[in-house]
Amino acid sequence: MDKLIITVALIGNVTTREKNPHPPMTPKEIAESAIESFQAGAAACHVHVRDPITQAPSMELELYREVIERIREKCDLVINLTTGSGGRLYYDPKAKTWDISGLKTPEERVEHVLRLRPEICSLDIGTMNMGNWAFINLVSMVEKMAALVREAGVKPEMEVFDVGHIRLARDLARKGLVDEPLLFQLCLGIPGGIGAALEDMLFMCGHLPEKAVWSAFGVGPAHFPIAAASIVSGGHVRVGFEDNLYLGPGVLATSNAQMVRKVVEIAHNLGREAATPQEARRILGVLKR
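For the structure given in this document, a descriptive report is provided here.

About the cut-offs
Residues numbered from 1 in each chain as written. Predicted model: local features only at pLDDT ≥ 70, side-chain atom pairs only at ≥ 80, totals over all residues. Heavy atoms only, no water. Pairing = 2+ DSSP bridges. Helix = DSSP H or I, 4+ residues; strand = E, 2+ residues; numbered from the N terminus. Axes fitted to C-alpha atoms, helices over the stretch in contact; angles between N-to-C directions. Patch = residues over 30% accessible without salt bridge, like charges linked within 9 Å, V, L, I, M, F, W, Y side chains within 5 Å. Areas by Shrake-Rupley, 256 points an atom, 1.4 Å probe, with all protein chains shown as cover. Salt bridge = Lys/Arg side-chain N within 4 Å of Asp/Glu carboxyl O. Buried < 20%, exposed > 50% of the residue type's maximum accessible area, 1.4 Å probe, protein only. Contact = heavy atoms within 4.5 Å. Disulfide = S-S within 2.5 Å. Phe/Tyr/Trp six-rings, centres within 6.5 Å; stacked < 30°, edge-to-face > 60°. Lys NZ or Arg CZ within 6 Å of the ring centre and 35° of its normal. Parallel < 35°, antiparallel > 145°, perpendicular 65-115°, else oblique. Left-handed = near helix turned anticlockwise from the far one by under 90°. Nonpolar A, V, L, I, M, F, W, Y, C, P; charged D, E, K, R; others polar. Polar contact = N/O pair within 3.5 Å; in protein donor to acceptor, adjacent residues only side chain to side chain.

Here we look at the sheet that holds strand S10 (residues 133-135)
- The 4 strands are arranged S7-S6-S10-S9 in an open sheet whose pairing can be described as antiparallel. The open sheet has two free edges, formed respectively by strand S7 (97-99) and strand S9 (128-130), since each of these has just one partner strand. For this sheet the average axis-to-axis angle between neighbouring strands, irrespective of direction, equals 30 degrees.
- Bridge count between strand S6 (residues 88-92) and S10: 3 bridges; the pairing is antiparallel. Paired with Arg88 across the strands is Phe135, a residue of S10.

So this is what it looks like as structure tokens:
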């Protein structure tokens, strides 16, 4: 097996400090959490940003720029920027109206990627229910985003929440919109998608293209069990506050780095060594920015 790429998902669009006071929110906090996670053994970081005052999810270019600059000043983590923001659609059944304020064009969703040129960006493949809102990723939108980031020289990490999304991702490859080695993130346990049991992960793996590089995460209680399952199955691992608030049953995590250290220990006990950022770039087929 290749060495293990540990990606730290620092903070997503949903996590708040209501249940756990420790997730990073400001650009400075997010960058410092990434650097601490690098020191703990992470090779890559998946970046969302928040408004530093309201803590609401943001797509502000300068917030992404500040996070990246702070990270690159201190370490050489592989940087993976989200493009998931801008895909939300709400329906208010009482008012019988649609709220489309959370929907952005494909160009708007990748603007920060095209301007900042990270090594990797996420590319959510399928439309799905997610709580009381819909996550909109129409095929035409995904194809446009894939073409734009490919032209910019950024590798897409194709986030798949169910097996049908893998079929759509393979179509992107057949159309020449994504380059090999194909990179997949198996997103397990999100309401509206596939579950987070071992058989769910293995079912998804069985539909991946040959030679694909893949990583997996499970949300909530499935976080570390799926990490262990991915480690022994030849995949890579994503951990962090975007997907989980706990270090163990009833024990709140105090930092992203703490979760990274736990995965490093699990991997060590299972006989697999964590990759450095340089080794991760070689496995992923990307160049340092």
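With respect to a nonpolar patch on the surface
- On the surface, a cluster of nonpolar side chains totalling about 380 Å² of accessible area is made up of Tyr91, Trp98 and Ile100.
- On the accessibility criterion, Trp98 (57% relative accessible area) is exposed.

Side note on the pattern of salt bridges
- What the rule picks out here adds up to 16 salt bridges.
- For Glu29, the salt bridge is made with Arg17, and the minimal N-O distance between the two is 3.0 Å. With Glu29 in helix H1 (residues 27-40) and Arg17 in the loop between strand S1 (6-9) and H1, this pair connects stretches of sequence that are 12 residues apart.
- You can call Arg17 partly exposed: its relative accessible area is 30%.
- The salt bridge partner of Lys28 is Glu32, with a shortest N-O separation of 2.6 Å. Within this pair, Lys28 and its partner Glu32 are both found in helix H1, separated by 4 residues, close to a single helical turn.
- Exposure remark for Lys28: the relative accessible area of 40% places this residue in the partly exposed category.
- We classify Glu32 as partly exposed; its relative accessible area is 35%.

Focus: the sheet that holds strand S2 (residues 44-47)
- Pairing within the closed barrel is parallel, and its 8 strands lie in the order S1-S2-S5-S8-S11-S12-S13-S14. Strand after strand, the sheet turns through a mean of 25 degrees between neighbouring axes, direction not considered.
- The strands touched by helix H9 (residues 277-284) are strand S5 (78-81), strand S8 (120-124), strand S11 (155-160), strand S12 (183-188), strand S13 (213-218) and strand S14 (236-239); relative to S5, the strand with the most contacts, the crossing angle is about 60 degrees.

A short note on unusual backbone geometry
- Note the cis peptide between Glu180 and Pro181, where omega equals -5 degrees.
- Positive phi values are uncommon outside glycine, yet Arg117 reaches one of about 50 degrees.
- Looking at the secondary structure, you find Arg117 in the loop between helix H3 (106-116) and S8.

Thoughts on the state of the cysteines
- The tally for this structure, following the rule as stated, stands at 0 disulfides.
- For the unlinked cysteine Cys121, the closest cysteine sulfur is that of Cys45, found at 13 Å.
- Not part of a disulfide, Cys205 finds its nearest cysteine sulfur in Cys187, a span of 13 Å.

Topic: the packing of aromatic side chains
- Taken as a whole and assessed by the stated rule, the structure comprises 4 aromatic pairs.
- With 4.8 Å between their ring centres and 50 degrees between their planes, Tyr91 and Trp98 make a pair best called tilted.
- Arranged with centres 6.3 Å apart and planes meeting at 85 degrees, the rings of Phe135 and Phe161 form a pair that is edge-to-face. Of the two residues, Phe135 is situated in strand S10 and Phe161 in the loop between S11 and helix H5 (163-174); the sequence distance between them amounts to 26 residues. As far as burial versus exposure is concerned, Phe135 and Phe161 are alike and both buried.
- Within the aromatic cluster, the residues linked to one another by ring pairs are Tyr90, Trp133, Phe135 and Phe161.
- Taking NZ or CZ as reference, Arg88 lies 4.0 Å from the ring centre of Trp133, over its face.

Some points on the packing of helix H7 (residues 223-233) against helix H8 (residues 256-269)
- Between H7 and H8, whose axes approach to 10 Å, the crossing angle comes to 40 degrees. When the axis of H7 is compared with that of H8, the two are oblique. When the axes of H7 and H8 are compared, the crossing they make is right-handed. From H7, His223, Phe224, Ala227, Ala228 and Ile231 reach across to H8, where they touch Met259, Lys262, Val263, Ile266 and Ala267.
- Grouping the constituent residues of the contact of H7 with H8 by class yields 8 nonpolar, 1 polar and 1 charged.

Details of the side chain of Arg238
- When you line up the elements, Arg238 lands in strand S14.
- One polar contact links Arg238 to Glu159, side chain to side chain, over a distance of 3.3 Å.
- One polar contact links Arg238 to Asp243, side chain to side chain, over a distance of 2.9 Å.
- Among all residues touching Arg238, those that are not within four sequence positions of it are Thr7, Ala9, His46, Glu159, Gln185, Ser215, Ala216, Phe217, His223 and Asp243.

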